[in-house]
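# An overview of the molecular structure
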Amino acid sequence: MQTVKKSFAAGQKQTGDDTRKEQVAEIALAGVFTAIVFVFTMLIQVQIIPAKGGMVHLGNVPLFFAAAFFGRKVGAVCGGLGMALCDLVTGWTIYAPLTFVVVGLMGFVFGWIVKKKPTILNLLFATAAVLAIKVAGYYIYEIFLTGSFYTPALSIPGNVIQIITGAVIALPLILATRIVMNQIQGGKSHV
(Lines give C-alpha, C1' and ligand atoms only; values in the text may rest on other atoms or scores of the structure.)
Protein backbone atom coordinates (compact mmCIF):
# COMPACT_ATOMS: atom_id res chain seq x y z
CA MET A 1 0.00 0.00 0.00
CA GLN A 2 2.94 2.31 0.69
CA THR A 3 4.27 2.01 -2.89
CA VAL A 4 0.81 2.71 -4.22
CA LYS A 5 0.57 5.88 -2.12
CA LYS A 6 4.11 6.98 -3.08
CA SER A 7 3.34 6.65 -6.79
CA PHE A 8 0.42 9.06 -6.36
CA ALA A 9 2.54 11.47 -4.36
CA ALA A 10 5.06 11.48 -7.22
CA GLY A 11 2.26 12.41 -9.65
CA GLN A 12 2.16 9.07 -11.43
CA LYS A 13 -1.12 7.76 -12.78
CA GLN A 14 -2.90 5.04 -10.92
CA THR A 15 -2.89 1.72 -12.75
CA GLY A 16 -5.43 -1.07 -12.56
CA ASP A 17 -2.98 -3.07 -10.45
CA ASP A 18 -2.61 -0.16 -8.03
CA THR A 19 -6.40 0.09 -7.70
CA ARG A 20 -6.70 -3.65 -7.05
CA LYS A 21 -3.90 -3.51 -4.48
CA GLU A 22 -5.67 -0.68 -2.66
CA GLN A 23 -8.97 -2.57 -2.74
CA VAL A 24 -7.37 -5.74 -1.41
CA ALA A 25 -5.59 -3.78 1.32
CA GLU A 26 -8.85 -2.07 2.27
CA ILE A 27 -10.70 -5.39 2.44
CA ALA A 28 -7.90 -6.92 4.53
CA LEU A 29 -7.89 -3.95 6.92
CA ALA A 30 -11.67 -4.12 7.25
CA GLY A 31 -11.44 -7.83 8.06
CA VAL A 32 -8.66 -7.43 10.62
CA PHE A 33 -10.36 -4.50 12.33
CA THR A 34 -13.72 -6.31 12.30
CA ALA A 35 -12.09 -9.08 14.31
CA ILE A 36 -10.43 -6.58 16.66
CA VAL A 37 -13.69 -4.68 17.21
CA PHE A 38 -15.47 -7.98 17.89
CA VAL A 39 -12.88 -9.06 20.48
CA PHE A 40 -12.69 -5.63 22.16
CA THR A 41 -16.49 -5.50 22.35
CA MET A 42 -16.59 -8.93 24.01
CA LEU A 43 -13.56 -8.32 26.24
CA ILE A 44 -15.32 -6.08 28.74
CA GLN A 45 -19.07 -5.67 28.90
CA VAL A 46 -20.35 -3.79 31.89
CA GLN A 47 -24.05 -3.03 32.13
CA ILE A 48 -24.23 0.24 33.99
CA ILE A 49 -27.95 0.89 33.86
CA PRO A 50 -30.66 -1.62 34.74
CA ALA A 51 -32.60 -0.81 31.55
CA LYS A 52 -31.96 -2.57 28.25
CA GLY A 53 -28.79 -1.23 26.65
CA GLY A 54 -26.52 1.07 28.55
CA MET A 55 -23.56 -1.30 28.30
CA VAL A 56 -19.97 -0.10 28.26
CA HIS A 57 -17.39 -1.99 26.20
CA LEU A 58 -14.09 -1.20 24.48
CA GLY A 59 -15.18 -1.93 20.89
CA ASN A 60 -15.33 1.76 20.01
CA VAL A 61 -11.57 2.13 20.57
CA PRO A 62 -10.47 0.09 17.52
CA LEU A 63 -13.50 1.38 15.57
CA PHE A 64 -12.41 5.01 16.06
CA PHE A 65 -8.77 4.11 15.32
CA ALA A 66 -9.64 2.27 12.09
CA ALA A 67 -12.00 4.98 10.87
CA ALA A 68 -9.49 7.74 11.69
CA PHE A 69 -6.57 6.17 9.82
CA PHE A 70 -8.15 3.94 7.18
CA GLY A 71 -11.27 5.88 6.33
CA ARG A 72 -15.00 5.71 6.29
CA LYS A 73 -15.44 2.38 4.46
CA VAL A 74 -13.14 0.45 6.79
CA GLY A 75 -14.75 2.23 9.77
CA ALA A 76 -18.25 1.34 8.59
CA VAL A 77 -17.49 -2.32 7.94
CA CYS A 78 -15.43 -3.05 11.05
CA GLY A 79 -17.79 -1.16 13.36
CA GLY A 80 -21.09 -2.42 12.00
CA LEU A 81 -20.04 -6.00 11.38
CA GLY A 82 -17.75 -6.42 14.41
CA MET A 83 -20.28 -5.15 16.94
CA ALA A 84 -23.29 -6.80 15.29
CA LEU A 85 -21.50 -10.16 15.38
CA CYS A 86 -20.76 -9.57 19.04
CA ASP A 87 -24.45 -8.86 19.66
CA LEU A 88 -25.30 -12.20 18.03
CA VAL A 89 -22.82 -14.11 20.15
CA THR A 90 -23.43 -12.44 23.52
CA GLY A 91 -27.21 -12.56 23.76
CA TRP A 92 -28.05 -9.07 22.45
CA THR A 93 -29.45 -10.64 19.27
CA ILE A 94 -32.44 -8.32 19.04
CA TYR A 95 -30.00 -5.40 18.69
CA ALA A 96 -27.76 -6.98 16.01
CA PRO A 97 -29.55 -5.51 12.94
CA LEU A 98 -29.67 -2.07 14.53
CA THR A 99 -26.05 -2.30 15.65
CA PHE A 100 -25.00 -3.22 12.12
CA VAL A 101 -26.69 -0.10 10.73
CA VAL A 102 -26.07 2.42 13.54
CA VAL A 103 -22.49 1.46 14.36
CA GLY A 104 -21.73 1.07 10.65
CA LEU A 105 -22.99 4.63 10.18
CA MET A 106 -20.92 5.75 13.17
CA GLY A 107 -17.75 4.30 11.61
CA PHE A 108 -18.57 5.85 8.24
CA VAL A 109 -19.25 9.30 9.71
CA PHE A 110 -16.20 9.20 12.00
CA GLY A 111 -13.97 8.33 9.04
CA TRP A 112 -15.68 10.87 6.80
CA ILE A 113 -15.16 13.71 9.28
CA VAL A 114 -11.55 12.83 10.16
CA LYS A 115 -10.60 12.12 6.50
CA LYS A 116 -7.43 10.26 7.56
CA LYS A 117 -6.11 13.53 9.02
CA PRO A 118 -6.65 13.23 12.76
CA THR A 119 -6.47 16.56 14.55
CA ILE A 120 -7.87 17.32 17.97
CA LEU A 121 -10.64 19.40 16.45
CA ASN A 122 -11.88 16.93 13.86
CA LEU A 123 -11.60 14.02 16.31
CA LEU A 124 -13.78 15.89 18.82
CA PHE A 125 -16.26 16.83 16.10
CA ALA A 126 -16.34 13.22 14.86
CA THR A 127 -16.91 11.98 18.42
CA ALA A 128 -19.81 14.41 18.90
CA ALA A 129 -21.35 13.27 15.61
CA VAL A 130 -21.12 9.55 16.43
CA LEU A 131 -22.49 10.23 19.89
CA ALA A 132 -25.57 11.83 18.33
CA ILE A 133 -25.94 8.92 15.89
CA LYS A 134 -25.63 6.34 18.68
CA VAL A 135 -28.07 8.02 21.05
CA ALA A 136 -30.68 8.79 18.37
CA GLY A 137 -30.41 5.42 16.63
CA TYR A 138 -30.76 3.29 19.74
CA TYR A 139 -33.41 5.54 21.29
CA ILE A 140 -35.65 5.35 18.20
CA TYR A 141 -35.16 1.58 17.88
CA GLU A 142 -35.98 1.01 21.53
CA ILE A 143 -39.19 3.03 21.18
CA PHE A 144 -40.34 0.38 18.69
CA LEU A 145 -39.15 -2.44 20.97
CA THR A 146 -40.81 -1.14 24.12
CA GLY A 147 -43.69 0.97 22.84
CA SER A 148 -42.59 3.66 25.25
CA PHE A 149 -40.79 6.99 24.94
CA TYR A 150 -39.66 6.87 28.57
CA THR A 151 -38.03 3.43 28.86
CA PRO A 152 -35.55 3.98 25.99
CA ALA A 153 -34.50 7.26 27.60
CA LEU A 154 -33.08 5.23 30.49
CA SER A 155 -30.42 3.88 28.10
CA ILE A 156 -29.24 7.31 26.93
CA PRO A 157 -26.77 7.94 29.80
CA GLY A 158 -25.21 4.51 29.27
CA ASN A 159 -24.84 5.09 25.54
CA VAL A 160 -23.24 8.47 26.23
CA ILE A 161 -20.83 6.90 28.73
CA GLN A 162 -19.99 4.17 26.22
CA ILE A 163 -18.98 6.65 23.48
CA ILE A 164 -17.13 8.92 25.91
CA THR A 165 -15.23 5.95 27.37
CA GLY A 166 -14.18 4.86 23.89
CA ALA A 167 -13.16 8.41 22.97
CA VAL A 168 -11.18 8.97 26.18
CA ILE A 169 -9.07 5.94 25.31
CA ALA A 170 -9.04 6.16 21.50
CA LEU A 171 -8.46 9.88 20.88
CA PRO A 172 -5.15 10.14 22.78
CA LEU A 173 -4.05 6.88 21.14
CA ILE A 174 -4.90 8.25 17.69
CA LEU A 175 -3.14 11.55 18.38
CA ALA A 176 -0.07 9.78 19.80
CA THR A 177 0.25 7.43 16.81
CA ARG A 178 -0.72 9.74 13.94
CA ILE A 179 2.85 10.59 12.91
CA VAL A 180 3.87 6.93 12.81
CA MET A 181 0.64 5.91 11.05
CA ASN A 182 1.12 8.58 8.40
CA GLN A 183 4.70 7.42 7.84
CA ILE A 184 3.51 3.83 7.50
CA GLN A 185 0.86 4.95 5.02
CA GLY A 186 3.43 6.94 3.07
CA GLY A 187 1.90 10.34 3.78
CA LYS A 188 2.86 13.44 5.65
CA SER A 189 2.20 14.06 9.29
CA HIS A 190 -0.88 16.18 10.08
CA VAL A 191 0.31 17.52 13.41
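Read on for an overview of the structure. This structure is a prediction, so every number in the text was calculated from the model and none was measured. (Residues numbered from 1 in each chain as written. Predicted model: local features only at pLDDT ≥ 70, side-chain atom pairs only at ≥ 80, totals over all residues. Heavy atoms only, no water.)

### Comments concerning the packing of aromatic side chains
Both the distance between ring centres and the angle between the ring planes are used here to describe each pair of aromatic rings. Here the structure, examined in full by the defined rule, presents seven aromatic pairs. When the ring of F33 is compared with that of F70, the centres are 5.6 Å apart and the planes differ by 45°; the resulting orientation is tilted. Residue F33 is located in helix α2 (residues 16-43), and its partner F70 is located in helix α3 (residues 60-70); the two are separated by 37 residues in the primary sequence. Accessibility expressed as a relative area gives 10% for F33, which makes it buried. Judged by its relative accessible area of 11%, F70 is buried. Between Y95 and Y141, the aromatic rings sit 6.0 Å apart at their centres with planes inclined by 55°, giving tilted as the arrangement. Within this pair, whereas Y95 is found in the loop between α4 (72-89) and α5 (96-114), its partner Y141 is found in helix α6 (residues 120-146), the two being separated by 46 residues in sequence. An aromatic cluster is built from F33, F65, F69 and F70, whose rings are joined through pairwise contacts. We note K115 situated over the ring of W112; from NZ or CZ to the ring centre the distance is 5.4 Å. (Phe/Tyr/Trp six-rings, centres within 6.5 Å; stacked < 30°, edge-to-face > 60°. Helix = DSSP H or I, 4+ residues; strand = E, 2+ residues; numbered from the N terminus. Buried < 20%, exposed > 50% of the residue type's maximum accessible area, 1.4 Å probe, protein only. Lys NZ or Arg CZ within 6 Å of the ring centre and 35° of its normal.)

### Brief notes about α5
Taking 1.5 Å per residue, 19 residues should reach 27 Å; α5 reaches 26 Å between its end C-alpha atoms and fits that length. Once α5 finishes, K115 follows within two positions and takes phi at roughly 55°, a positive value. (Expected span 1.5 Å × (residues − 1).)

### So, unusual backbone geometry
With a phi angle near 55°, K115 is a residue other than glycine that sits in the positive phi range. In this structure K115 comes out as exposed when scored by relative accessible area, which is 52%. Of note in this structure, K116 is not a glycine but carries a positive phi near 60°.

### Digging into the side chain of K134
Residue position: K134 is located in helix α6. Despite its burial, K134 pairs with no opposite charge; the closest candidate is D87, at 7.9 Å N-O. Residues contacting K134, with those up to four places away along its chain left out, are V102, M106, N159, Q162 and I163. (Lys, Arg positive; Asp, Glu negative; His and termini not counted. Salt bridge = Lys/Arg side-chain N within 4 Å of Asp/Glu carboxyl O. Contact = heavy atoms within 4.5 Å.)

### As for the pattern of salt bridges
The tally for this structure, following the rule as stated, stands at one salt bridge. The closest approach of N and O atoms between E26 and K73, which form a salt bridge, is 3.7 Å. Pair noted here: E26 is in helix α2 and K73 is in helix α4, with a separation of 47 residues, a long-range link.

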